[in-house]
Amino acid sequence: MKDYICPKCRGHLSIDNEIIFLTKNNKEDSAIVLLSAELGNYSFRKNSKVDFEAGDHVNFICPICYENLNADEYDANLAKVIMVEDDGKEVDIVFSKVLGEKCTYSIHDKDIQAFGDNKDNYLDKL
Ligand SMILES: [Zn+2]
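Position numbers for residues count from 1 along each chain, tracking the sequence in the order it is written. Reporting of local features is limited, given that this is a predicted model, to residues whose pLDDT is at least 70; pairs of side-chain atoms are given and counted only at 80 or more, and all residues count toward the totals for whole chains, interfaces and linings. To get the side-chain values, take all heavy atoms of the structure and skip hydrogens and water.

## A look at the sheet that holds strand 1 (residues 3-5)
A pair of strands counts as paired when DSSP detects no fewer than two bridges linking them. Here a strand is any run of E in DSSP of at least two residues, a helix any run of H or I of at least four, and the numbering for each starts at the N terminus. If you walk across this open sheet you meet the 5 strands as 1-7-8-9-10, and the pairing is antiparallel. Looking at the sheet topology across the chains shown, the edges are occupied by strand 1 and strand 10 (111-115). On average, adjacent strands in this sheet sit at an angle of 30° to one another, irrespective of strand direction. The sheet contact formed by strand 1 and strand 7 (residues 78-84) spans 3 bridges and is antiparallel. Of the residues in strand 7, the one forming a bridge with Asp 3 is Val 84. To obtain an axis, a line is fitted to C-alpha atoms, over the contacting stretch when the element is a helix, and the angle between two such axes runs from 0 to 180 degrees between their N-to-C directions.

## What about the coordination of the zinc ion?
Every protein donor of the zinc ion is accounted for by Cys 6 (SG), Cys 9 (SG), Cys 62 (SG) and Cys 65 (SG), and the metal-donor separations fall at 2.3 Å. A 2.8 Å cut-off from the metal defines N, O and S donors, relaxed to 3.2 Å for Na, K and Ca; water is not in the atom list, so some sites may appear incomplete. Angular criteria define each label, namely tetrahedral for four donors with all angles between 85 and 135 degrees, square planar for four and octahedral for six donors with opposite donors over 155 degrees apart and remaining angles between 65 and 115, and irregular for whatever fails these tests. Taken together, the 4 donor atoms coordinating the zinc ion and their angles of 103 to 114° define a geometry best described as tetrahedral. Counting along the primary sequence, the residues that act as donors to the zinc ion give the motif C-x2-C-x52-C-x2-C. Note that Cys 9 is positioned in the loop between strand 1 and strand 2 (14-15) and Cys 62 in the loop between strand 6 (59-61) and strand 7, a separation of 53 residues in sequence.

## Structural notes on the pairing of strand 3 (residues 18-24)
For each residue, the accessible area found with a 1.4 Å probe, counting protein chains only, is set against the maximum for its type, and the residue is called buried under 20%, exposed over 50%, and partly exposed in between. Burial along strand 3 is one-sided: the residues Ile 19, Phe 21 and Thr 23 are buried and none of Glu 18, Ile 20, Leu 22 and Lys 24 is. Two strands pair when backbone bridges link them, and strand 2 and strand 3 are joined in this way by 2 bridges, in the antiparallel orientation. Bridged to Ser 14 within strand 3 is Ile 19. Here 7 bridges tie strand 3 to strand 4 (residues 30-36), and the two strands are oriented antiparallel to one another. Bridge pairing links Ile 20 to Leu 34 in strand 4.

This is the structure:
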């Protein structure tokens, strides 16, 4: 099982096949969100009373250190976590903060893999 950690505090963010985030959208609605840990799988779970909509700009926050996980070094629309593979290799996982925009990138040195229907959107920023 791959492990996902916070780039700021290196706390463990995943349980089994889900990654846990605090989130807040641009309308100040906030919720715990569980994202699938499988790259390219955009299913997620959240409290059903929270009304995030397609196009919302969602801030992803580490539930352990409360730091924002923005990947501003690439683009203001992207967030980042670190995936630790079974052999200890660490890969940056960068994904869109815009709900409904399906793009995820795994970045290790110059090796970039892109996933999702909208993967072309940020390839030139990586
Ligand atoms: Zn953290």
